[in-house]
Amino acid sequence: MTPVIWSIAGTDSGGGAGLAADQRAADAFGVHLCPVVAAVTAQSTTAVTQVQAVAPELLDAQLQALAADLPPRVIKTGLLGSAANARVVARWVDRLRERGPVQLVIDPVLRASTGAAFTSDELLQIYRDELLPRASMITPNQREAAALLGASAANNVPGLAGALQRLGAQAVVVTGGDAGTPGLSLDWLHTPHAQGWLSLPRVDTCNNHGTGCTFASSLATALALGFVAADAAVLAKMATTHALRHARAVGQGAGPVIALPGFGNDPTLLPRLSLDDSAPADWPERLRGLEPGVYAIVDSAERVEAVLRAQPTVPTIQLRMKRPAGVADATWTAQLSEAIQRSQRAAHAASATLVINDHWQLALQAGARALHLGQEDLLALTPEDRAQLQAARAQGVMLGLSSHSLWELCRAAALMPDLIACGPVWPTTTKDMPWRPQGMDNLAWWAHMAPAPVVGIGGILEPAQLQAVAAAGAAGGCVVRGLGDDPSTTLPVWLAAWQTGLTGRGRHAVPALPHASLSIEEPV
């Protein structure tokens, strides 16, 4: 069934912002939007001449009419017009949540882009006391964030977002800044799953009417499709930038942004997500990176040697050793160092690329030329660690990064890796993970969208699965348990499956949107 969202907002007689923009955004995502009028504006592309809030009784009647027939997965608010209307919204959120989950996205429309004020001190207080504590997500620009907090300056954007979260909002995106980085559009993402600057090249247009409405409504529609807040923000950023690219002049002032289908599989629209609150200095371009083909993953130097003795053998092999329980630090360091050096010798002899998983500092000391990090290990890096890793990469050391979700893909993309892993492609028992299987649709989307080659990982147990991974456009597919006790007998079958899959490239259509890889209810 098509998801339903309610947009409780104002009309724009010029057709640019408010409910008009909300409708275009919902249509771009294929979600049904119920436009609930909270206020009527008399405006054009150059001015707002009058704003009239609808009576709270009329707003209540609209919501009552929808509740039984078209209950929402998400409610998005825009221009509410009055404190009384804001209270009506708060009551209805509580009423609907007694029946089941309903998310609330607040776009605190406090001022028109033409400068007209849409709020009062009383309404601001209702936002703080009644709406923010109920909000799943709030999407103010910097000025609106400062106004909601009663702050005199909006320079510390991460600080503003944190303060709004402390007032009760579960997640915050402060939109529309550049944080001193000309040429980039930066939104600060502050969610339970991810924080950082979400960036894309700024669209140079004066036709930007309805940008904030489009972002908030796009985010609400993505939530309605089952994406968690961080992933929904990624899709909202993509849809809004696409809408800016298709903006058009219709009058004498700023024309409207036009949200359209087609944004969801355009690689130029994939944002980058910073690791911390340092604003990005530039825009990383698409990289060539590794082409691993059959990517073997083993847990010991002995297994590295066994795999690389097979003829033909794999071009890429990863050593992934986990520390046994109860082993002392010094003993573990010595064992790991010896295993890395032994594996390096075997890889050199076989002209294969050896990738060391996680233990990057020890690997560099042992002369490793390729590393792989998971997202948790990535986030654990100190600024000094990142500088050391960057210096190694400048000397030719290759880096692969894991990703399981849209925000993790965007974070990986910001670091310009040589390889990005997408997983789990199928259910896997090697790790206890909250992620839903990516399947061929998401793998094809990842391979199409990522700025570096993609390797599929997770649950690849049969050669036919590896063949499908190759056909989906991945640069490699990871084989772990499928190597068996004797890789010399299993590898020829895996290598043949990969080659067969390459002949089927292009048969997997890239989906218009990926599916959600994490349930809204699941923490990470």
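Above this text is the structure in question.
Only a predicted model underlies this, so the values are computations on that prediction, with no experimental measurement involved.

Engineer: Could you give an account of the sheet that holds strand β17 (residues 454-456), naming the residues involved and the relevant values?
Structural biologist: Overall, parallel pairing links the eight strands, which are arranged β11-β12-β13-β14-β15-β16-β17-β18 in a closed barrel. Averaged over all adjacent pairs, the angle separating strand axes in this sheet is 25°, with direction ignored. Across the sheet, helix α14 (residues 406-414) touches β15 (398-403) and β16 (419-422), and the angle it forms with β15 is around 165°. Running over the sheet, helix α15 (residues 439-449) touches β15, β16 and β17 and is turned about 160° from β17.

Engineer: Give a detailed account of α15, specifying residues and quantitative values.
Structural biologist: Think of an α-helix as 3.6 residues a turn; residues three or four steps apart then line up on the same face. Summarising burial for α15: nine of the 11 residues are buried, a large majority. Taken as a whole, α15 has its buried residues at Gly 439, Met 440, Asn 442, Leu 443, Ala 444, Trp 445, Trp 446, Ala 447 and Met 449. In this structure, the buried side of α15 is in contact with α8 (229-245), β15, α14, β16, β17 and α16 (463-471).

Engineer: Describe the packing of aromatic side chains, with residues and values.
Structural biologist: In total, this model carries four aromatic pairs according to the counting rule given. On the basis of an interplanar angle of 70° and a centroid distance of 5.2 Å, the ring pair of Trp 188 and Trp 197 is categorised as edge-to-face. Residue Trp 188 shares its accessibility class with Trp 197, and that shared class is buried. Here the aromatic rings of Trp 445 and Trp 446 are separated by 5.7 Å at their centres, their planes lie at 65°, and the arrangement is edge-to-face. For Trp 445, a relative accessible area of 0% gives the class buried. When the ring centre of Trp 92 is taken as reference, the NZ or CZ atom of Arg 95 above it lies at 4.2 Å.

Engineer: Which residues make up the pattern of salt bridges, and what are the values?
Structural biologist: Taken as a whole and judged by the stated rule, the model has 12 salt bridges. Across the pair Asp 94 and Arg 134 runs a salt bridge, and its minimum N-O distance is 2.7 Å. Taken together, the residues span a long stretch of sequence, with Asp 94 in helix α3 (residues 83-97) and Arg 134 in the loop between α4 (121-131) and β6 (137-138) at a distance of 40 residues. Between Arg 386 and Asp 276 there is a salt bridge whose closest N-O contact spans 2.5 Å. With a gap of 110 residues between them, Arg 386 in helix α13 (residues 383-394) and Asp 276 in the loop between β10 (272-273) and β11 (293-298) connect regions that are remote in the sequence. Since its relative accessible area comes to 26%, Asp 276 is described here as partly exposed.

Engineer: Which residues make up the pairing of strand β3 (residues 48-53), and what values do they have?
Structural biologist: The pairing of strand β2 (residues 32-43) with β3 spans five bridges and is antiparallel. Across the sheet, Thr 41 pairs through a bridge with Val 51, a residue of β3. Following β2, the chain reverses through four residues before pairing antiparallel with β3.

Engineer: Kindly report on the side chain of Ser 136, identifying the contributing residues and their values.
Structural biologist: Structurally, Ser 136 is set in the loop between α4 and β6. Ser 136 has contacts with Arg 97, Gln 103, Leu 104, Gln 170 and Ala 171, leaving out every residue within four places of it along the chain.

Engineer: An account of the nonpolar core is requested, with residue identities and associated values reported.
Structural biologist: Among the nonpolar cores identified, the biggest contains 111 residues, and Met 137, Leu 219, Ile 317, Leu 371, Trp 407 and Leu 443 are the most heavily contacted of them. For this core, the element with the highest residue contribution is α8, accounting for 11 residues. Leu 219 has contacts with Val 105, Met 137, Thr 139, Val 173, Ala 232, Ala 233 and Ala 236, leaving out every residue within four places of it along the chain. If you look at the next biggest cluster of nonpolar residues, it comprises 46 residues, including Ile 8, Ala 83, Ala 86 and Leu 131.

Definitions and cut-offs
- Residues numbered from 1 in each chain as written.
- Predicted model: local features only at pLDDT ≥ 70, side-chain atom pairs only at ≥ 80, totals over all residues.
- Heavy atoms only, no water.
- Pairing = 2+ DSSP bridges.
- Helix = DSSP H or I, 4+ residues; strand = E, 2+ residues; numbered from the N terminus.
- Axes fitted to C-alpha atoms, helices over the stretch in contact; angles between N-to-C directions.
- Contact = heavy atoms within 4.5 Å.
- Buried < 20%, exposed > 50% of the residue type's maximum accessible area, 1.4 Å probe, protein only.
- Phe/Tyr/Trp six-rings, centres within 6.5 Å; stacked < 30°, edge-to-face > 60°.
- Lys NZ or Arg CZ within 6 Å of the ring centre and 35° of its normal.
- Salt bridge = Lys/Arg side-chain N within 4 Å of Asp/Glu carboxyl O.
- Core = buried A, V, L, I, M, F, W, Y, C linked by side-chain atoms within 4.5 Å.

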